[in-house]
Amino acid sequence: MKHLAAYLLLGLGGNTSPSAEDIKGVLEAVGIEADETRLDKLIEELKGKDINELIAEGSSKLASVPSGGSGGAAASGGAAPAAGGAAAAEEEAPAKEEEKEESDEDMGFGLFD
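Residues numbered from 1 in each chain as written. Predicted model: local features only at pLDDT ≥ 70, side-chain atom pairs only at ≥ 80, totals over all residues. Heavy atoms only, no water.

Identification of the protein chain as 60S acidic ribosomal protein P2 from Cryomyces minteri is taken from an unreviewed UniProt entry. The record in UniProt for the protein chain states the following under Subunit (unreviewed entry): "P1 and P2 exist as dimers at the large ribosomal subunit." (UniProt positions renumbered as here; feature names shortened; annotations may be inferred.)

As structure tokens, this is what we get:
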């Protein structure tokens, strides 16, 4: 992923066909060592392809993937039980906050000691 991010950064900077050395330069500038195998595979896969077209193609493929949405059927049970559940959740929240405060005291030191 870091190799692809460097490739895309170079593309945004105007380099339409970054080489392996260009990508290594970007990664080394931020202290990351490039993995030769992954870098070679990335260059091979993207050679001669327009990155904007690849992004558009990938976006259209992702648009056809179902992403959740099945939670609506469970919520159709009525408003009264949902309101009761919300009240119970509100009552539990302060108890959890108190437990966090107590656990901080067990550490043996305070913030301003």
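Additional details are given in the paragraphs that follow.
What follows is about the pattern of salt bridges. For the coordinates displayed, the defined rule picks out five salt bridges. Glu21 serves as the salt-bridge partner of Lys24, at 3.5 Å between the closest nitrogen and oxygen. Of this pair, Lys24 and Glu21 both sit in helix H2 (residues 20-29), three residues apart, which is roughly one turn of the helix. With a relative accessible area of 16%, Lys24 lands in the buried category. In this structure, Glu57 and Lys61 form a salt bridge, with 3.5 Å as the shortest nitrogen-oxygen distance. With Glu57 and Lys61 both in helix H4 (residues 51-63) and four residues apart, this pair spans about one turn of that helix. The class for Glu57 is partly exposed, based on a relative accessible area of 41%. Counted as one network, the salt bridges with shared partners bring together Glu21, Lys24 and Glu36. (Salt bridge = Lys/Arg side-chain N within 4 Å of Asp/Glu carboxyl O. Helix = DSSP H or I, 4+ residues; strand = E, 2+ residues; numbered from the N terminus. Buried < 20%, exposed > 50% of the residue type's maximum accessible area, 1.4 Å probe, protein only.)

Bringing the layout of surface pockets into the picture now. The volume enclosed by the largest pocket comes to roughly 180 Å³. In terms of lining, the largest pocket is formed by Tyr7, Leu8, Gly11, Leu12, Asn15, Thr16, Pro18, Lys49, Asp50, Ile51, Asn52 and Ile55. Of all the elements in the fold, those that place two or more residues in the lining of the largest pocket are helix H1 (2-12) and H4. Ranked by residue count, the leading element in the lining of the largest pocket is H1, at four residues. Looking at the lining of the largest pocket, its residues break down into six nonpolar, four polar and two charged. (1 Å grid on protein atoms, 1.4 Å probe; cavity = no way out; pocket = protein on both sides within 12 Å on 5 of 7 lines; lining within 4 Å. Points joined across faces, edges and corners; volume = space filled by probe spheres on them. Nonpolar A, V, L, I, M, F, W, Y, C, P; charged D, E, K, R; others polar.)

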